[in-house]
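# Architecture and fold: a report
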Amino acid sequence: MLAVPTTGLSILLGRKQARASDGNEKYYKDYTRKELTYFDGTNGKPIFIALKGVIYDVSSKAKFYGPGAIYGLFAGRDASRGLGKMSMDQQDVEDPRMDDFSEKDAESLQKWVQRFESKYPVVGRLKN
């Protein structure tokens, strides 16, 4: 269910409501994987990361997700496979599949999703 009130942007995802942070309303939309790559934190751009189809603005933690940072390779990408498998291999960063996840991979990804939901504003959804 998607709810977009006229006084600010909010999204109803299941039972949890998330709000885009101030200034991010202009970025809220559905993004293709190619469009998402723009938001990689270079040249002062915001840093967006997708997990399980939901896009988060992680710009507030550029020291972790920005260019040259430990998790910077996930900036502007769908990080579901890499974070679920706890892999920094370029092949896993570029591969969006999750159909081969073990139970451990799925649990790992769910923990990342919970962490992102609690810390970062949702700014969009990933188009297939």
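What comes next concerns the included structure. As a convention, each chain's residues are numbered from 1 in the sequence order in which they are written. Confidence filtering applies because this is a predicted model: local features only for residues at pLDDT of at least 70, side-chain atom pairs given and counted only at 80 or more, and all residues used for totals across whole chains, interfaces and linings. Hydrogens and waters are ignored; side-chain quantities use all the structure's heavy atoms.

## A closer look at the pattern of salt bridges
Inclusion rule: A pairing counts as a salt bridge when a side-chain nitrogen of Lys or Arg comes within 4 Å of a carboxyl oxygen of Asp or Glu. Throughout this description, buried means an accessible area under 20% of the type-specific maximum (1.4 Å probe, protein chains only), exposed means over 50%, and partly exposed covers the range between.
All chains considered together, the criterion is met by 10 salt bridges. Note that K29 is salt-bridged to E35, the shortest N-O span being 3.6 Å. The shortest N-O distance in the salt bridge between D95 and R97 comes to 3.1 Å. A relative accessible area of 16% means that D95 is categorised as buried.

## Some thoughts on the nonpolar core
Put simply, the rule is: The set of buried Ala, Val, Leu, Ile, Met, Phe, Trp, Tyr and Cys residues whose side-chain atoms join them within 4.5 Å is what this entry labels a nonpolar core. Secondary structure elements follow DSSP: runs of H or I no shorter than four residues count as helices, runs of E no shorter than two count as strands, and numbering proceeds from the N terminus. By the convention used here, residues are in contact when the closest approach between their heavy atoms is within 4.5 Å.
Counting residues in each nonpolar core, the largest one holds 21 residues, and the members touching the most others are L51, Y56, V58, Y65, L83 and F116. When contributions to this core are tallied by element, the ones reaching two or more residues are β4 (48–51), β5 (54–57) and α5 (103–119). With residues near it in sequence (within four places) discarded, V58 still touches I47, I49, Y65, F116 and Y120. Y31, L36, F48 and A50 belong to the second-largest nonpolar core, a separate cluster that totals eight residues.

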